[in-house]
Amino acid sequence: IGALSRSLGTEGFGTEMTVSVDLAANAESLGARVFRPQTLDDLRAALKAAKAETRTVVIVVTTDRLEGVPGYESWWDVPVSEVSEAPSVRAARAEYEQARAAERRFL
């Protein structure tokens, strides 16, 4: 959601927690089995082990919140604010209007 916010010119506003919450520890305190894989092989092993569990399972994968995924071959119509003093929002709105003009309807 942070990447979406940045694409709208709002620099990730409201998408970063300022308080650190250990959700895995919380899940463990409630009786869940928690896996914390560090590698792809660890993740595969955790997924396999999770299938054998009879209780709630949480798999925690640490990620970089600023790391994005490659582009998509589609466009998600998420409106950008029409009025803003922020140059980044105005630029995002101009891009939005261009994409909107090229939008094709399938229904």
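A few points on the structure. (Residues numbered from 1 in each chain as written. Predicted model: local features only at pLDDT ≥ 70, side-chain atom pairs only at ≥ 80, totals over all residues. Heavy atoms only, no water.)

What follows covers helix α4 (residues 87-102). Look at α4: 23 Å from first C-alpha to last across 16 residues, which is about the 22 Å you get at 1.5 Å a residue. Looking only at α4, the buried set comprises Val89, Ala92, Arg93 and Tyr96. Angularly, the buried residues of α4 cover 105° about the axis, an arc narrow enough to put them on a single face. Opposite the packed face of α4, turned more than 90 degrees from it, sit the exposed residues Pro87, Glu95, Gln98, Ala101 and Ala102. (Helix = DSSP H or I, 4+ residues; strand = E, 2+ residues; numbered from the N terminus. Expected span 1.5 Å × (residues − 1). Buried < 20%, exposed > 50% of the residue type's maximum accessible area, 1.4 Å probe, protein only. Arc of directions from axis to C-beta.)

Structurally, Ala91 is set in helix α4. Its relative accessible area of 39% is what places Ala91 among the partly exposed residues.

With respect to the helices and strands, Thr39 occurs in the loop between β1 (33-35) and α3 (40-52). Here Thr39 falls in the partly exposed class, since its relative accessible area comes to 43%. Once the C-alpha coordinates of Thr39 and Val61 are considered, the two residues, 22 residues apart in sequence, prove to be 9.3 Å apart. Polar contacts involving the side chain of Thr39 include one to the main-chain amide nitrogen of Asp42, which spans 3.0 Å. (Polar contact = N/O pair within 3.5 Å; in protein donor to acceptor, adjacent residues only side chain to side chain.)

Here we take up the pattern of salt bridges. Evaluation of the coordinates by the stated rule reveals eight salt bridges. The partner of Glu97 in a salt bridge is Arg93, with the nearest N and O atoms 2.9 Å apart. Linking Glu97 with Arg93, this pair stays in helix α4, spanning four residues, or about one helical turn. What makes Arg93 buried here is its relative accessible area of 15%. A single salt-bridge network, built from bridges that share partners, covers Asp77, Arg100, Glu103 and Arg105. (Salt bridge = Lys/Arg side-chain N within 4 Å of Asp/Glu carboxyl O.)

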